[in-house]
Amino acid sequence: MRKLSVGDCISFGWETFKKRPWFLIGTLLLVLIITSIPSSFGPDLPDIDPNGEFIPEPVTAMSLVALLASIVVSTLAWCGIIAFYLRAHDNVMGVQLTDFWNPGPFWRFLGAHILAGIAVTLGLMAFVVPGLIIMLGLLFVPYLVVERGLGPVEAIKESWRITKGNKWQLALLMLAQLGIVILGLLALGVGVFVALPIVMLASAHAYRTLTN
């Protein structure tokens, strides 16, 4: 069983980011712009009546299409983001913008996301702690689907196996990553474009550490 080091993951993310900072920031901005397009066609925020209650927007064909498009685009985006940052982890100088295009595991990724979400939700509904443990145990399901092409059930089993004995370290890593993102937001908000690539590279390093 490999032991995870939070310090090594964060340090790797920072050192790798420094090698191509503007490229990583630029690709992040591009992905955020693309993924925000479908939501711009979705329903407006609900109105509030004089009693302070929300008035739900009526469901229209346009809102349903926008919702479907948002699901498709966000799923494709996450498939691409994971593939991109795994490639950046292995060779940051060789990664290209085209590495974001990775539609192959779309259905497996969506299925795994739904199954993992159900498992975490049930755990949180039963008791909060089991839900958090399940979330940590299934943290690398998306990576296993994208890189190894595993099906939803296989990816869930494998993620649970590779995280065994490291869930406490993964929890600390997530807290450290959250702290980095908060610091980025405090830096006039623009620092988040530095924080997010570092966080993603740190996650990729954690995955590589537990699977190599």
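The present account deals with the structure reproduced in this document. (Residues numbered from 1 in each chain as written. Predicted model: local features only at pLDDT ≥ 70, side-chain atom pairs only at ≥ 80, totals over all residues. Heavy atoms only, no water.)

**Notes on the pattern of salt bridges**
Then step 1. Inspection of the entire model under this criterion finds 6 salt bridges.
Then step 2. The partner of Lys-18 in a salt bridge is Glu-15, and the shortest N-O contact between them spans 3.3 Å. With Lys-18 and Glu-15 both in helix α1 (residues 6–19), this residue pair falls 3 residues apart, about one helical turn.
Then step 3. In this structure Lys-18 comes out as partly exposed when scored by relative accessible area, which is 42%.
Then step 4. Overall, the relative accessible area of 37% leaves Glu-15 in the partly exposed class.
Then step 5. Across the pair Arg-208 and Glu-147 runs a salt bridge whose closest N-O atoms are separated by 2.8 Å. With a gap of 61 residues between them, Arg-208 in helix α9 (residues 192–211) and Glu-147 in helix α6 (residues 141–148) connect regions that are remote in the sequence.
Then step 6. A single salt-bridge network, built from bridges that share partners, covers Asp-90, Glu-147 and Arg-208. (Salt bridge = Lys/Arg side-chain N within 4 Å of Asp/Glu carboxyl O. Helix = DSSP H or I, 4+ residues; strand = E, 2+ residues; numbered from the N terminus. Buried < 20%, exposed > 50% of the residue type's maximum accessible area, 1.4 Å probe, protein only.)

**Quick notes on the layout of surface pockets**
Then step 1. Of the voids in this model, the largest pocket is the one considered here, and its volume is about 950 Å³.
Then step 2. Lining the largest pocket are 36 residues, with Trp-78, Ile-82, Leu-139, Pro-142 and Tyr-143 sitting closest to its centre.
Then step 3. For the lining of the largest pocket, the secondary-structure elements that each account for two or more residues are α2 (21–36), α3 (61–90), α4 (106–126), α6, α8 (167–186) and α9.
Then step 4. Along the lines of polarity and charge, the residues of the lining of the largest pocket split into 29 nonpolar, 7 polar and no charged.
Then step 5. Empty space within the second largest pocket amounts to approximately 230 Å³.
Then step 6. Taken together, Leu-30, Val-31, Ile-34, Thr-35, Val-73, Leu-76, Ala-77, Gly-80, Leu-97, Phe-100 and Trp-101 make up the full set of residues lining the second largest pocket.
Then step 7. When contributions to the lining of the second largest pocket are tallied by element, the ones reaching two or more residues are α2 and α3.
Then step 8. Its residues assigned to classes, the lining of the second largest pocket comprises 9 nonpolar, 2 polar and no charged. (1 Å grid on protein atoms, 1.4 Å probe; cavity = no way out; pocket = protein on both sides within 12 Å on 5 of 7 lines; lining within 4 Å. Points joined across faces, edges and corners; volume = space filled by probe spheres on them. Nonpolar A, V, L, I, M, F, W, Y, C, P; charged D, E, K, R; others polar.)

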